[in-house]
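Observations on the model geometry
Single-letter residue listing:
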Amino acid sequence: MYLKGLLTITLIFILSTEANVRIFKQWRQMDFQFPSNAIRQQAINNGYYVPANVIPIDVAVDYRGNLDSTRVFVTMPRFTTGVPASLGYTKSSSLLIEPYPSYDWHSSNGKNCDGITSVFRVAFDGCNQMWVLDTGKIGNIQYCQPQLLIFNLISDKLVKRYRFDKSMYVDNSLFITPILDVADPGRCSRVKAYIADVTGFGLIVYDCEVNKAWRVNNKLFYPYPNYGKFTIAGESFDLMDGLLALTIPKVPLRQDTERSLLFHALASGTENAVPLRIINNATIWENDANAMADEFKVIGTRGIQTGAQAMDKNGNLYFVLLNPLAIVCWDSSTSYKTDNIKILHRNDETMQFASGVKVVTNLVGEEELWLVTNRLQKFMTGTTNLSEINYRVHVANIKALLNFKDKCNGPSLRDDQTIVFPDRNRKRMAN
Ligand SMILES: *[C@@H]1O[C@H](CO)[C@@H](O)[C@H](O)[C@H]1NC(C)=O
Ligand SMILES: *[C@@H]1O[C@H](CO)[C@@H](O)[C@H](O)[C@H]1NC(C)=O
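Quick caveat, the model's predicted, so the values are computed rather than measured.

**What to know about the overall build of the protein**
- Looking only at helices and strands, one finds seven helices and 28 strands in the protein.
- Compactness check: the protein gives a C-alpha radius of gyration of 21 Å against a globular reference of 22 Å for 431 residues, within 12% of the reference.
- With 431 residues in all, the protein has 58% of them scored as buried.
- A separation of at least 24 residues holds for 55% of the contacts in the protein among residues at least 6 apart in sequence.
- Entry remark: accessible area of the protein is about 17600 Å², with carbon and sulfur atoms responsible for 49%.
- The distance from the centre of the 46 positive side-chain charges to the centre of the 41 negative ones in the protein is 2 Å.

Following this line, the structure appears as structure tokens:
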């Protein structure tokens, strides 16, 4: 019912350019559909459900034939104990999270490595399959090997599992972002997954066709100390997070003749790229995981921190800045600089840390931007107030967001006088 309403509202938005970004759902705290009230109570008593410890990080939408059965997935990593299920979905008007594929997959809390331990992000391959990246960790403890799990979204059965062996990760590893490049759309037998190891500062390439993975290291996967302090809505914390965001444009970037992977670290102000030809060649990385350093390039500077990002079919990249709290876009056929980064939507309250960003095609074939925001600063500083709205899933029709143009447009970041760039600031201090 709620989703039918969503479609209606989306259509109204096409007529109105105001309030292009709609809150789909919001929560004070995440709550779950437990198998029974007794099991819920047991989880609370055992410390397996501590509401303040459950924070949504990613969103993904499984549009299924009709709107009522459509599922909006959210991930809730186990930064610590107290998270009863690390992956689940909501449907229709319910705010409860239904554990996916079932509660049993999550309830061992690290004891059953055939289940799911902790998930930061997921990816869809366009063949009704969801790729779930499991860190295998609860807090700092590596209970299980990291793994990729592929679920069929029609049967909700596990189709494939790949466990990463010890050569693919280090003690500090945390596999947080999977993205997919499908060479045979509609069949999905030739798929490569690219995985960001945020605190091991590496990139893992998994070739599904040959069922093999290799690890790639580069200095651009590291955080920059100058960008290691985060201030969101007046609260600050330090976080030296490396490689987080990965995107593969469908066509070569401006002036290139081959396709690249775009990437950035969370604690950074640059966007970077490496040709796929380089990272796809297993031979290179099996010989030397630090090879080809010169192939990894900074393509431009935004001078502001940002987390996840996603690209639409026209090559527009969407991401949310941390300061100001704004959804922005960049047309990847232009050079990456603040003149070409356009502000689409700014909201100091609702945009407090977008950790999940996805472009999703809806039931009428239109692209939508989906975001999850989670006030990470509250979690990091231990000031979460469960009486306030802390978590939000947002949706925007991309056509409306772009004022019915194909390419990213709007006021440029550079022209916004209210923004103090760290780099600009530094220059001013030097003068
Ligand atoms: C992979 O890299 C190796 C070593 O540089 C090179 O000899 C080989 O031709 C490359 N393979 C492909 C398919 O590009
Ligand atoms: C928590 O939020 C509620 C609602 O906004 C507010 O009334 C209350 O004072 C807050 N508690 C703390 C400790 O800030």
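**A word on the nonpolar core**
- Among the nonpolar cores identified, the biggest contains 63 residues, and Met30, Phe32, Leu369, Trp370 and Val393 are the most heavily contacted of them.
- Other than its neighbours up to four places away in sequence, Phe32 contacts Tyr49, Val54, Met76, Pro84, Ala85, Leu96 and Ile97.
- Counting 24 residues, the second-largest nonpolar core is a separate cluster that includes Ala196, Leu203, Val216 and Phe263.

**A few points about the site of ligand 2**
- What surrounds ligand 2 is the set Asn385, Ser387 and Glu388.
- At 2.3 Å from an oxygen atom of ligand 2 is found a side-chain nitrogen or oxygen belonging to Asn385.
- Relative to its free-state accessible area of 360 Å², ligand 2 is covered by the protein chains to the extent of 26%.

**Let's talk about the packing of aromatic side chains**
- Applying the stated criterion to the full structure yields 26 aromatic pairs.
- Look at Trp285 and Phe296: their rings are 6.2 Å apart centre to centre, the planes differ by 80 degrees, and that puts the pair in the edge-to-face class. You can see Trp285 sitting in helix H4 (residues 282–287) and its partner Phe296 sitting in the loop between H4 and strand S21 (297–301), a full 11 residues away along the chain. The same class applies to Trp285 and to Phe296, which are both buried.
- With a centroid separation of 4.8 Å and 70 degrees between ring planes, the pair formed by Trp330 and Tyr336 is classed as edge-to-face. The pair Trp330 / Tyr336 is uniform in exposure class, with both members buried.

**Some remarks on the environment of Tyr63**
- By secondary structure assignment, the location of Tyr63 is in strand S2 (residues 58–64).
- Under the relative-accessibility criterion, Tyr63 is labelled buried at 14%.
- Sequence separation between Tyr63 and Val360 is 297 residues, and the spatial gap between their C-alpha atoms is 8.8 Å.
- Within the local environment of Tyr63, its side chain forms a polar contact with the side chain of Glu368, the two groups lying 2.6 Å apart.

**Points about the side chain of Lys137**
- Of note, Lys137 is situated in strand S8 (residues 137–138).
- The buried charged residue Lys137 lacks any salt bridge, with Asp197 as its nearest oppositely charged partner at 7.2 Å.
- There is a polar contact of 2.7 Å between the side chain of Lys137 and the backbone oxygen of Ser173.
- The residues touching Lys137, leaving out its near neighbours within four places in the chain, are Arg78, Thr117, Ser118, Gln142, Tyr143, Asp171, Asn172, Ser173 and Leu174.

**Considerations on unusual backbone geometry**
- With omega at -5 degrees, the peptide bond leading from Tyr100 into Pro101 counts as cis.
- Assignment of secondary structure puts Pro101 in the loop between strand S5 (98–99) and strand S6 (119–124).
- Following Asn323, the chain continues into Pro324 via a peptide bond in cis, with omega recorded as 10 degrees.
- Positionally, Pro324 belongs in the loop between strand S23 (316–321) and strand S24 (326–331).
- Of note in this structure, Asn109 is not a glycine but carries a positive phi near 50 degrees.
- Relative to the helices and strands, Asn109 resides in the loop between S5 and S6.

**Concerning the side chain of Arg302**
- Here Arg302 shows up in the loop between S21 and strand S22 (306–311).
- Its relative accessible area of 1% is what places Arg302 among the buried residues.
- At 2.8 Å, the side chain of Arg302 forms a polar contact with the backbone oxygen of Ile304.
- Setting aside residues no more than four positions away along its own chain, Arg302 makes contact with His264, Ala265, Ser268, Gly269, Thr270, Glu271, Phe319, Leu321, Tyr336, Thr338, Ile341 and Phe421.

**A short note on the state of the cysteines**
- With the rule as written, the count across this model stands at three disulfides.
- Here Cys113 pairs with Cys144 through a disulfide, and the sulfurs are 2.0 Å apart. Looking along the S-S bond of the Cys113-Cys144 disulfide, the torsion reads about -85 degrees, which is the left-handed sense. Separated by 31 residues along the polypeptide, Cys113 in the loop between S5 and S6 and Cys144 in the loop between strand S9 (141–142) and strand S10 (147–152) bring together distant segments of the chain.
- What pairs with Cys127 in a disulfide is Cys188, and their sulfur atoms sit 2.0 Å apart. Because the sign of the S-S torsion sets the handedness, a value of about 80 degrees for the bond joining Cys127 and Cys188 places this disulfide among the right-handed ones.

**Quick look at the sheet that holds strand S3 (residues 66–75)**
- The sheet built from four strands is open, its strands ordered S2-S3-S4-S5 with antiparallel pairing. In the strand order of this sheet, the two ends are held by S2 and S5, each with one partner.
- Across two bridges, strand S4 (residues 87–91) lies against S5 in antiparallel orientation. What sits directly across from Tyr89, in S5, is Glu98.

Basis of the calculations
- Residues numbered from 1 in each chain as written.
- Chains lettered and ligands numbered in written order.
- Predicted model: local features only at pLDDT ≥ 70, side-chain atom pairs only at ≥ 80, totals over all residues.
- Heavy atoms only, no water.
- Helix = DSSP H or I, 4+ residues; strand = E, 2+ residues; numbered from the N terminus.
- Rg over C-alpha atoms; globule rule 2.2 N^0.38 Å.
- Buried < 20%, exposed > 50% of the residue type's maximum accessible area, 1.4 Å probe, protein only.
- Contact = heavy atoms within 4.5 Å.
- Areas by Shrake-Rupley, 256 points an atom, 1.4 Å probe, with all protein chains shown as cover.
- Lys, Arg positive; Asp, Glu negative; His and termini not counted.
- Charge placed at Lys NZ, Arg CZ, Asp CG, Glu CD.
- Core = buried A, V, L, I, M, F, W, Y, C linked by side-chain atoms within 4.5 Å.
- Near = heavy atom within 4 Å.
- Polar contact = N/O pair within 3.5 Å; in protein donor to acceptor, adjacent residues only side chain to side chain.
- Phe/Tyr/Trp six-rings, centres within 6.5 Å; stacked < 30°, edge-to-face > 60°.
- Salt bridge = Lys/Arg side-chain N within 4 Å of Asp/Glu carboxyl O.
- Disulfide = S-S within 2.5 Å.
- Pairing = 2+ DSSP bridges.

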